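Residues per chain are reported as follows:
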There are 2 protein chains.
Amino acid sequence: MQFPKEIQNLNELLNNLPGVGPKLSSRLAIYLAVNGKSLSVRLSQSLKDAVENIKTCELCANVTNNTLCSICEDAERDRSVILVVEDALDLINIESSGEYKGLYHVLNGLISPMNGIGPSDIRIQELLSRLSEKVEEVILALNPNIEGDATGLFIKQRVEDANLSTKITRLAKGIPSGGDIEFASNQTIVDSMRARVGI
Amino acid sequence: MQFPKEIQNLNELLNNLPGVGPKLSSRLAIYLAVNGKSLSVRLSQSLKDAVENIKTCELCANVTNNTLCSICEDAERDRSVILVVEDALDLINIESSGEYKGLYHVLNGLISPMNGIGPSDIRIQELLSRLSEKVEEVILALNPNIEGDATGLFIKQRVEDANLSTKITRLAKGIPSGGDIEFASNQTIVDSMRARVGI
């Protein structure tokens, strides 16, 4: 037996979503087509609204339904610091910590020669053009892996090449708070040892 | 910072889907609103199509875009056996095994007094009205838990009350093929011991 074509189609589209495998997509397709019809109607409209109205901030590339995002427009934010993230999801997570009050810059990717992504494919030039004397610090909040480290080093190099005095920092590496040393990777142990601090 | 309202709305709706938690829903909402716009357009339309065209089979309640589902309409299927499932997802999984060639009956739920679901809330009456001399066997393929067992016993009782000679069977309980005895629950061990077979 085949699914009716409407459910097959829904299933295929859902299966293309990040984090949605074939089991979940068929479950969702049937739910949306049979039991969750009123949710489907609202979801269909909501997708249309998002497609029509969501764009990326002209300055930092955060998500917005305006020319600038709510952070770039906020006069209270500290304009002397720019925190660099890979994508808007990382931004949201950092923002939800409540710790950071400066501006952001979304790169929309990381340098990854293996995947054919070079420096000009992500928003590094846009970052450099935002740096002036007023920006005292650029905080790199990139995933601590090969791509994140390579992208960070490239940005540091370009800032130095441009004779900018902006300080470049990155988030500390170490044991995650609430995490378990038993399950920490070797590299995490090494990083946290080297960066140990007095108490 | 708040998400723009279009993304917030999308996020809330996606979070209502079965199997989609808050982390996945916000990831999907941003993906659909920013990087996956063309997928969003197709998904929006596909949801509309499914809502408009998908209904349940008048006989077995399987999903269909017709009055009867493709299984009930298939003249090749063995009409002397009806396999009873909780929902259409279970039906699809059994169907994909290729083992079964009879008809189905979808209950749309299981008896669950804890959740206020009684026999009249699921499609038991519709099952009984399908039983005639032509139906030789009803196979219960219900999850082996309290609700599934209670629903199965109730169906068996009602068939006996109606003086129908239909044979009632259920799927075997035991160690899952490819599974690991090390991780089998106590009840699974007990069930598989009691139902052991000669080799």
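The structure presented is a predicted model; accordingly, all values stated were derived computationally and were not measured. (Residues numbered from 1 in each chain as written. Chains lettered and ligands numbered in written order. Predicted model: local features only at pLDDT ≥ 70, side-chain atom pairs only at ≥ 80, totals over all residues. Heavy atoms only, no water.)

Asks: Honestly, unusual backbone geometry in this entry has me stumped. Any pointers?
Replies: For residues other than glycine, phi is negative in most cases, and the peptide bonds are mostly trans. All names here are of chain A. Unlike most non-glycine residues, A61 shows phi in positive territory, near 70 degrees. As for its placement among the helices and strands, A61 is situated in the loop between strand 1 (55-56) and strand 2 (63-64). A relative accessible area of 5% places A61 in the buried class. Even without a glycine there, the phi angle at N108 is positive, about 60 degrees. The residue N108 is located in the loop between strand 4 (102-106) and helix 6 (124-130) in this model. We classify N108 as partly exposed; its relative accessible area is 42%. (Helix = DSSP H or I, 4+ residues; strand = E, 2+ residues; numbered from the N terminus. Buried < 20%, exposed > 50% of the residue type's maximum accessible area, 1.4 Å probe, protein only.)

Asks: Any chance you could explain the interface of chain B and chain A here in plain terms?
Replies: Where the parts come together, the accessible area they lose is often given as the size of the interface. Counting from both sides, the interface comprises 54 residues of chain B and, opposite them, 54 residues of chain A. Around 4,800 Å² of area is buried between chain B and chain A when both sides are counted, 75% of it from carbon and sulfur atoms. Applying the counting criterion to the chain B and chain A interface returns eleven residue pairs in polar contact (both at pLDDT 80 or more). When contributions to the side of chain B that touches chain A are tallied by element, the ones reaching two or more residues are helix 1 (5-15), helix 2 (22-35), helix 3 (37-53), strand 2 (63-64), helix 4 (70-73) and helix 5 (88-96) of chain B. Looking at the side of chain B that touches chain A, the element that brings in the most residues is helix 3 of chain B, giving 14 residues. In terms of residue class, the side of chain B that touches chain A is made up of 30 nonpolar, 15 polar and nine charged. (Contact = heavy atoms within 4.5 Å. Buried area = accessible area lost by both parts, 1.4 Å probe. Polar contact = N/O pair within 3.5 Å; in protein donor to acceptor, adjacent residues only side chain to side chain. Nonpolar A, V, L, I, M, F, W, Y, C, P; charged D, E, K, R; others polar.)

Asks: Sorry, what's going on with the confidence of the model for chain A here?
Replies: As a general rule, the predicted coordinates of low-pLDDT regions are not to be interpreted in detail. Model confidence for chain A is summarised by a mean pLDDT of 92, while 99% of its residues fall at 70 or above. Of the two predicted TM-score estimates for the complex, the pTM is 0.75 and the ipTM is 0.76. (pLDDT = per-residue confidence, 0-100.)

Asks: Looking at this model, I keep getting lost on the sheet that holds strand 4 (residues 102-106) of chain B. Mind explaining?
Replies: Adjacent strands of a sheet form backbone hydrogen bonds with each other and so pair up, either parallel or antiparallel. Residue and element names in this part refer to chain B. One open sheet holds the four strands; their spatial order is 4-3-5-6, and the pairing between them is parallel. For this open sheet the edge positions go to strand 4 and strand 6 (167-170), each flanked by a neighbour on one side alone. Sheet twist, expressed as the mean angle between neighbouring strand axes with direction ignored, is 25 degrees. As judged from the four bridges shared by strand 5 (residues 137-140) and strand 6, these two strands associate in the parallel manner. Counterpart to V138 in the pairing with strand 6 is I168. (Pairing = 2+ DSSP bridges. Axes fitted to C-alpha atoms, helices over the stretch in contact; angles between N-to-C directions.)

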